[in-house]
Amino acid sequence: MDWLSFKQQYLVRFWAPVPAVIAAGVLSAYYFGLTGTFWAVTGEFTRWGGHLLQLAGFHPETWGYFKIIHLEGSPLDRVDGVMILGMFAGCLAAALWANNVKLRLPRHRIRILQAVLGGMIAGFGARLAMGCNLAAFFTGIPQFSLHAWYFALATAAGTWVGARVVMLPLFRPPVRLEPVTGAHPLSADQGRAARRFRLGMLVFLAFLGWAISRFLQSPTLGMAALLGLGFGLIVERAQICFTSAFRDLWLTGRTQMAKAIILGMAVSAVGTYSYTQLGVAPKIFWAGPGVVLGGVLFGFGIVLAGGCETGWMYRAVEGQVHYWFVGIGNIIGATVLAYLWDDLAPVLVTPFQKVNLLTVFGPQGGLIATLVLLALALLAVLAWERRFFAAKALQGQMVKEVP
Amino acid sequence: MTLPAPDFRLDMRGEPCPYPAVATLEMLPRLMPGQVLEVICDCPQSINTIPVDARNHGYDLLEVQQDGPTVRYLIRR
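All values reported here derive from a predicted model rather than from experimental measurement.

K.L.:
Help me out: how do you make sense of the overall build of chain A in this one?
P.N.:
Looking only at helices and strands, one finds 17 helices and one strand in chain A. Over its C-alpha atoms chain A spans a radius of gyration of 22 Å, differing by no more than 12% from the 22 Å that the globule rule assigns to 403 residues. Classification of the 403 residues of chain A by burial places 51% in the buried group.

Right, dumping it as structure tokens:
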């Protein structure tokens, strides 16, 4: 294979989402084993909100929430911080390789409101639940923490409500079907594509070099940066979207992303299990009403915004202005939660137990229970898909019989 | 194989997901059987939504063309 076809096939074309999500599951298990924490982004965004407040002269480090998630140092000294920098670098490199960076301005003003409001609700909900789709879902379930299962069910319910709301006429300015006689001319500017590709390579190699040099000094931070780069490449190139995995079940009956995520979690669960058996302690959080409320808000918010905490990252670097507002909303929502935490937590969160399924059912039992629950989730998705298209076929028949 | 020329165009540039996929599914039934819809979209996420949805809902996906930030889908009712 020559360089040009390699580039076209592996660096420019989008990657198939199903293997990509499974690869993310494998990387997230490695991430846990090598850094001792799980792949998560919202906690670090909350710390950024904290740093901004410090710059403005406030003292968020005295708030209870920042004592739990720690606000010491700068993003460059933290595992989550360098991982997120890696993700941004990976997303940007991948988007540049494919000439997929373009300033995309929202077509309607209502989208900005949707983005900020949805982002705030999702950011608030995610932090109330101690994590977003990653810490409380994709990497939370493989940590064997019961709270992640509560979060998953609550998020599903929230996205169902969200899917109803985003289809309201308010959010649906009319679209036009234009009669045409020929194909839309494509404007492939090869010169620009080549320049963007080189810039993407520069970003990729520069970050890779920095991460390797970090790795030689501090294995944990360097590895976090390297894995972050991998996560970034995967989520952008395969357009991994946790929001669509839930939302599009309800809207169009599409199950591909949901199934891929369940498989990714199963793979990740086995990997995480192996590290816990070697003595790495899993991250377990409180399983109480806080995580249920947080999940519902998070599910609703991500659908209203059109993307979650991971989703806005790659869309923002692709130049989708809509998602710059989602990101700002997220940081505001998470910071508001941190501010209210000392009042909310004693009622909704901390009185409830941190339940580790590996302790409740024993190590083997916990792994089996998790895999059985994931299999049940997969069956539920398949049953929903069947029901969705059966109802649609019936509806189609009725329409045909009426005239 | 030469592809048929589209009869209708749906330009969803600037709109984020899920709107391009939802609008595509709403517009396709308005075509006569055999007619072809061209969807132009700059939401990269649509690469995972429009092709799968079109097939799931019983339409023929004739072509997907990726041109930098713009993706073009050709779908026959």
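K.L.:
Would you explain the overall build of chain B in this entry?
P.N.:
Helix and strand content of chain B: two helices and four strands. Put simply, chain B runs from its N terminus to its C terminus through helices and strands in the order β-α-β-α-β-β. Expected size for 77 residues packed as a compact globule is a radius of gyration near 11 Å; at 11 Å, chain B falls within 12% of this value. Taking the principal axes of the C-alpha coordinates as reference, chain B spans close to 30 × 25 × 20 Å. A fraction of 64% describes how many contacts in chain B between residues 6 or more apart in sequence connect residues 24 or more apart.

K.L.:
Just to check I follow, could you spell out helix 5 (residues 79–97) of chain A for this structure?
P.N.:
Quick reminder: α-helices carry 3.6 residues per turn. Residues three or four places apart thus point the same way. Residues and elements named next belong to chain A. Taking 1.5 Å per residue, 19 residues should reach 27 Å; helix 5 reaches 27 Å between its end C-alpha atoms and fits that length. The buried fraction of helix 5 is high, at 18 of 19 residues. In the segment just after helix 5, Asn 99 is the residue with positive phi, at about 55 degrees.

K.L.:
What is the right way to read the sheet that holds strand 3 (residues 60–67) of chain B from this model?
P.N.:
What holds strands together in a sheet is hydrogen bonding between their backbones, with the strands either parallel or antiparallel. Strand order across the open sheet formed by five strands is 1(A)-1(B)-2(B)-4(B)-3(B), with mixed pairing between neighbours. This sheet does not close on itself; its edge strands, each paired only once, are strand 1 (177–179) of chain A together with strand 3 of chain B. If you compare each strand with its neighbour and ignore which way they point, the axes differ by 20 degrees on average. When strand 3 of chain B meets strand 4 (residues 70–76) of chain B, the two strands line up antiparallel, connected through seven bridges.

K.L.:
Hey, could you run me through the nonpolar core in this one?
P.N.:
General note: in soluble globular proteins, nonpolar side chains tend to be found buried as a group. Residue and element names in this part refer to chain A. Cys 91, Ala 93, Ala 136, Phe 151, Ala 225 and Ile 261 are the most contacted members of the largest nonpolar core, which totals 143 residues. Tallying contributions element by element places helix 5 first for this core, with 14 residues. When sequence neighbours within four positions are dropped, the list of residues in contact with Ala 93 reads Gly 200, Val 203, Phe 204 and Leu 233.

K.L.:
Sorry, what's going on with the interface of chain A and chain B here?
P.N.:
A common way to state how big an interface is: give the accessible area lost once the parts meet. Facing 38 residues of chain A, the contacting portion of chain B comprises 35 residues. The leading source of residues in the side of chain A that touches chain B is helix 11 (residues 242–251) of chain A, at four residues. When grouped by side-chain class, the residues that make up the side of chain A that touches chain B number 15 nonpolar, 13 polar and 10 charged. The pairing of strand 1 of chain A with strand 1 (residues 8–11) of chain B spans three bridges and is classified as antiparallel. Paired with Leu177(A) across the strands is Leu10(B), a residue of strand 1 of chain B.

K.L.:
Explain the packing of helix 11 of chain A against helix 12 (residues 256–277) of chain A to me, please; I cannot follow it from the model alone.
P.N.:
Any two packed helices are characterised by the angle at which their axes cross and by the distance between the axes. Residues and elements named next belong to chain A. At a minimum axis separation of 7 Å, helix 11 and helix 12 run at an interaxial angle of 125 degrees. The pairing of helix 11 with helix 12 is recorded here as oblique in orientation. Remark: the crossing between helix 11 and helix 12 carries left-handed chirality. Each of Phe 242, Ser 244, Ala 245 and Leu 249 in helix 11 lies in contact with helix 12, whose residues at this interface are Met 257, Ala 258 and Ile 261. Considering only residue class, the contact of helix 11 with helix 12 consists of six nonpolar, one polar and no charged.

K.L.:
Help me out: how do you make sense of the pairing of strand 1 of chain B in this one?
P.N.:
A regular strand places its side chains on the two faces of the sheet in alternate fashion. All names here are of chain B. Inspection of the sheet shows strand 1 paired to strand 2 (residues 36–41) by four bridges, in the parallel sense. For Asp 11, the partnering residue across the bridge sits in strand 2 and is Ile 40. Regarding topology, helix 1 (residues 19–27) serves as the crossover connection from strand 1 to the parallel strand 2, and that connection is right-handed.

K.L.:
Explanation requested: unusual backbone geometry in the structure shown.
P.N.:
Glycine aside, residues mostly have negative phi angles, and peptide bonds mostly take the trans form. Backbone torsion omega between Cys17(B) and Pro18(B) reads 10 degrees, so that peptide bond is classified as cis. When you line up the elements, Pro18(B) lands in the loop between strand 1 and helix 1. In this structure, Gln239(A) is a non-glycine residue whose phi angle is positive, near 50 degrees. As for its placement among the helices and strands, Gln239(A) is situated in the loop between helix 10 (219–237) and helix 11. Gln239(A) sits in the buried class, given 26 other C-beta atoms within 10 Å.

Definitions and limits used
Residues numbered from 1 in each chain as written. Chains lettered and ligands numbered in written order. Predicted model: local features only at pLDDT ≥ 70, side-chain atom pairs only at ≥ 80, totals over all residues. Helix = DSSP H or I, 4+ residues; strand = E, 2+ residues; numbered from the N terminus. Rg over C-alpha atoms; globule rule 2.2 N^0.38 Å. Buried ≥ 20, exposed ≤ 12 C-beta atoms within 10 Å, placed from the backbone. Contact = placed C-beta atoms within 7 Å. Expected span 1.5 Å × (residues − 1). Pairing = 2+ DSSP bridges. Axes fitted to C-alpha atoms, helices over the stretch in contact; angles between N-to-C directions. Core = buried A, V, L, I, M, F, W, Y, C linked by C-beta atoms within 7 Å. Nonpolar A, V, L, I, M, F, W, Y, C, P; charged D, E, K, R; others polar. Parallel < 35°, antiparallel > 145°, perpendicular 65-115°, else oblique. Left-handed = near helix turned anticlockwise from the far one by under 90°. Right-handed = clockwise from strand over helix to strand, strands pointing away.

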